[in-house]
Amino acid sequence: MSATPGEPEPTSGSAPFRPRVPAAEWDDWRWHMRKRITSVAKARQWINLSPEEEKAIAGSAGKYRWSITPYYASLMDPDDPSCPVRQQAVPAPGELVEFPGAEVDPVGDTYYRRTNRVVHKYPDRVIMLVTEACPVYCRHCTRKFHTTDVHGTYFRDDEGGSFDEDLRYIAEHPEIRDVLLTGGDPLSYRDGKLEEIVSGLRAIPSVEVVRIGSRFPVLLPQRITEDLCEMLSRYHPVWLNTHFNHPKEITAESAAAVDRLLRHGIPVGNQTVLLRGINDDVTTMRTLMTELLRIRVRPYYLYHCDNVTGVSHFMTSVEKGWEIMEGLQGHITGFAVPQYVLTTRIGKVPLARPYFARTADGLRLRNHQGQEMTVDATAYPITEPDAP
Ligand SMILES: *Cc1c(COP(=O)(O)O)cnc(C)c1O
Ligand code: SF4
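Going along each chain's sequence as written, the residues are numbered from 1 onward. Chains and ligands are labelled by the order in which they are written, letters from A for the one and numbers from 1 for the other. The model is predicted, so local features are restricted to residues of pLDDT at least 70 and side-chain atom pairs to those at 80 or more, both for listing and for counting; the totals for chains, interfaces and linings are taken over all residues. As a rule here, side-chain values come from all non-hydrogen atoms in the structure, and water together with hydrogens is ignored.

1. Digging into the site of ligand 1
Next, step 1: The near set for a molecule or strand comprises every residue that places at least one heavy atom within 4 Å of it. Inspection of the region around ligand 1 gives Val 119, Lys 121, Tyr 122, Arg 125, Ile 127, Arg 211, Tyr 300, Tyr 301 and Lys 348 as its neighbouring residues.
Next, step 2: Within the contact set of ligand 1, an oxygen atom lies 2.7 Å away from a side-chain nitrogen or oxygen of Arg 125.
Next, step 3: What qualifies as a polar contact is a pair of N or O atoms within 3.5 Å, subject to a donor-acceptor requirement within protein and to the restriction that residues adjacent in sequence count only when both atoms come from side chains. Here an oxygen atom of ligand 1 and a side-chain polar atom of Arg 211 are 2.9 Å apart.
Next, step 4: Segments assigned H or I by DSSP are reported as helices when at least four residues long, segments assigned E as strands when at least two residues long, and all are numbered from the N terminus. Secondary-structure elements contributing two or more residues to the shell around ligand 1 are strand S1 (118-122), strand S2 (125-129) and strand S7 (298-303).
Next, step 5: No other element matches S1, which puts three residues into the shell around ligand 1.
Next, step 6: Broken down by class, the residue content of the shell around ligand 1 amounts to five nonpolar, no polar and four charged. Classes in brief: Ala, Val, Leu, Ile, Met, Phe, Trp, Tyr, Cys and Pro nonpolar; Asp, Glu, Lys and Arg charged; the others, Gly included, polar.

2. Quick notes on the site of ligand 2
Next, step 1: Neighbouring ligand 2 are Cys 134, Val 136, Tyr 137, Cys 138, Cys 141, Thr 147, Gly 184, Arg 215, Leu 219 and His 243.
Next, step 2: Taken together, the residues that form the shell around ligand 2 break down as six nonpolar, three polar and one charged.

3. Quick look at helix H9 (residues 191-202)
Next, step 1: Here H9 spans 16 Å end to end across 12 residues, near enough to the 16 Å set by a 1.5 Å rise per residue.
Next, step 2: Classification of residues uses two cut-offs on accessible area relative to the type maximum, computed with a 1.4 Å probe and protein chains only: under 20% is buried, over 50% is exposed, and between them is partly exposed. Within the span of H9, buried status applies to Lys 193, Leu 194, Ile 197, Val 198, Gly 200 and Leu 201. One side of H9 holds all its buried residues, which, seen down the axis, span an arc of 155°.
Next, step 3: Residue contacts are counted whenever heavy atoms from the two residues lie within 4.5 Å of one another. Those residues of H9 that are buried are in contact with S2, helix H8 (164-171), strand S3 (178-182), strand S4 (209-213) and helix H11 (226-233). Given a helix with a known number of residues, its expected span is that number minus one, times 1.5 Å. As used here, the arc belongs to the directions running from the helix axis to the C-beta atoms.

4. Digging into the packing of aromatic side chains
Next, step 1: Classification of ring pairs rests on two measures: the distance between centres of Phe, Tyr or Trp rings, Trp counted by its six-membered ring, which must be within 6.5 Å, and the angle between planes, read as stacked under 30 degrees, edge-to-face over 60 and tilted in between. In total, this model carries six aromatic pairs according to the counting rule given.
Next, step 2: On the numbers, 6.3 Å between centres and 35° between planes, the contact of Trp 26 with Trp 46 is tilted. In this pair, Trp 26 sits in helix H1 (residues 23-26) while Trp 46 sits in the loop between helix H3 (40-43) and helix H4 (51-60), placing the two residues 20 residues apart along the sequence. Trp 46 matches Trp 26 in its accessibility class, with the two residues each being buried.
Next, step 3: Relative to Phe 216, the ring of Trp 29 has its centre 6.4 Å away and its plane inclined at 85°; by these criteria the two rings are edge-to-face. One end of the pair, Trp 29, is in helix H2 (residues 29-34); the other, Phe 216, is in helix H10 (residues 216-219), with 187 residues separating them in the sequence. The burial state of Trp 29 is the same as that of Phe 216; both residues are buried.
Next, step 4: By way of ring pairs, the aromatic residues Trp 26, Trp 31 and Trp 46 are connected into one cluster.
Next, step 5: By definition here, charges over rings are those cases where NZ of Lys or CZ of Arg is within 6 Å of the ring centre and within 35 degrees of the ring normal. Its end group placed over the ring of Phe 163, Arg 117 keeps NZ or CZ at 3.8 Å from the ring centre.

5. Side note on the pattern of salt bridges
Once their charged atoms are close, side chains differing in charge can pair, the charge on each being opposite to the other.
Next, step 1: Salt bridges are defined as contacts in which a side-chain nitrogen from Lys or Arg sits within 4 Å of a carboxyl oxygen from Asp or Glu. The tally for this structure, following the rule as stated, stands at 25 salt bridges.
Next, step 2: In this structure, the salt-bridge partner of Arg 139 is Glu 95, at a minimum N-O distance of 2.8 Å. Of this pair, Arg 139 sits in the loop between S2 and helix H7 (144-147) while Glu 95 sits in the loop between helix H6 (84-89) and S1, placing them 44 residues apart in sequence. As far as burial versus exposure is concerned, Arg 139 and Glu 95 are alike and both buried.
Next, step 3: Note that Arg 234 is salt-bridged to Glu 230, the shortest N-O span being 3.3 Å.
Next, step 4: Among the ionic contacts, a cluster of salt bridges with common partners joins Asp 124, Arg 125, Arg 177 and Glu 208.

6. Side note on a positive patch on the surface
Next, step 1: On the surface, a cluster of positive charge is contributed by Arg 30, Arg 34, Lys 35 and Lys 42.
Next, step 2: Tracing the sequence through the fold places Arg 34 in helix H2. Nonpolar side chains (Val, Leu, Ile, Met, Phe, Trp, Tyr) within 5 Å and like charges within 9 Å form the patches, drawn only from residues with over 30% relative accessible area and no salt bridge. The Shrake-Rupley method, run with a 1.4 Å probe, gives the accessible areas here. Residue values count only the displayed protein chains as cover. For this count, His and the chain ends are skipped, Lys and Arg are scored as positive, and Asp and Glu as negative. Here the site of a charge means atom NZ of a Lys, CZ of an Arg, CG of an Asp or CD of a Glu.

7. Quick word on the packing of H9 against H11
Next, step 1: What counts as an axis is a line fitted to C-alpha atoms, over the stretch in contact for a helix, and the angles between N-to-C directions run from 0 to 180 degrees. Packing of H9 against H11 leaves a shortest axis separation of 10 Å and a crossing angle of 15°. Taken together, the axes of H9 and H11 lie roughly parallel to each other. For the pair H9 and H11, the crossing hand works out as right-handed. Along the contact surface, H9 presents Asp 191, Leu 194, Glu 195 and Val 198, while H11 presents Asp 227, Leu 228, Met 231 and Leu 232. Any angle from 65 to 115 degrees is called roughly perpendicular, while one under 35 is roughly parallel, one over 145 is roughly antiparallel, and all others are oblique. Each crossing is labelled by how the near helix is turned from the far one, with a counterclockwise turn of less than a right angle marking it left-handed and a clockwise turn marking it right-handed.

8. Comments concerning the packing of helix H13 (residues 282-294) against helix H14 (residues 318-328)
Next, step 1: Relative orientation of the contacting elements H13 and H14 amounts to 50°, with a least axis distance of 9 Å. Classified by the interaxial angle, the pair formed by H13 and H14 is oblique. Read as a crossing pair, H13 and H14 show a hand that is right-handed. Contact residues: Val 282, Met 285, Arg 286 and Met 289 in H13; Glu 323, Ile 324, Gly 327 and Leu 328 in H14.

9. Quick notes on the sheet that holds S4
Next, step 1: Pairing between two strands requires that DSSP report at least two bridges joining them. Read across the sheet, nine strands follow the order S1-S2-S3-S4-S5-S6-S7-S8-S9 without closing on themselves; strand pairing throughout is mixed. Edge positions in the open sheet fall to S1 and strand S9 (347-350), since each of these has one partner strand only. Across the sheet, the mean angle separating the axes of adjacent strands is 30° when strand polarity is ignored.
Next, step 2: Strand direction decides the pairing type here: S7 and strand S8 (residues 339-344), joined by three bridges, are parallel. Of the residues in S8, the one forming a bridge with Tyr 301 is Gln 339.
Next, step 3: Those strands touched by H14 are S7 and S8, and its axis lies near 155° from that of S8.

Okay, structure coming up:
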């Protein structure tokens, strides 16, 4: 775990000037939101931009949003453009290249959208796209057209304020027992607005579980205040899934944010995206998953990176994902192993290679070391046997 200092150290030599920030400001999430990096000049206070990055920043202007919190910038290597944190937040030339097969919405959110904000794809649960705002606009965002395309978001301005239609849809579909607030990042809203939404959902008797998908614990953990956690804990059961992609993102601040959530009874899970050049190797993934357990975050999904317009350069092969999953399964604590899935129009589909095959004489099994065994059909018959 790397501790992020309350006051970033000014660095020497060729490294850029890193602003000294008093702790009272550094610990205040609103300060970070106000001071977000949105220009080359501001970025240069934190990192030495490469010519390719500068070109990509200029090229993506007016097409994709760009913003970085000072907190997240402080995790970046000032001199190395291949830094895993930096690649997630600083535009790269690849995002302006149209790859073969790339689509703006390969997972079909727009197809399953039932109201301005509700996407109803699975029988018993929905996602609610409550905002298109995020503290950092991740370059690999799967909803890039929604969160970072400055022209192409879902939201129609005239519908921006009211959630009545969305809540009504959920109330009129009592089969919906699980509502996942996402976006954008729901915690971009101030606590009062968030409470309006969560209490609105709680007032619907058929809604059993409220889930929040938020990257704030990673991008600006100071947002996870005692007040926020206390408010959310009044609407239990509330679950939160966050999005750590690299061990460098696990800091003293992020661990403290997770601890606050847990102490208020909010279980914290994690969804990682498999990203080329960032976390596409077994060692990094093993470290990430085991470090997550150390801060009591439960790995949930490992997403294969979809071929999303503007994101394709982060894609790996599915074979690479298999290799990584085989390097996790059996090698680390069972519940540190996420489920490797591909998000598609027909839902999330598990991708990991099976560890067994049905054969005529039983089951062929394989373990994490590649050892194989057959358990015979007497023990595991194809049809359920009658009791003797
Ligand atoms: C991911 C997702 C959900 C939640 O799925 P879980 O597998 O239960 O986490 C719900 N609706 C949509 C449209 C989704 O993409
Ligand atoms: S925080 Fe989440 S929704 Fe927002 S840009 Fe990053 S990945 Fe996308």
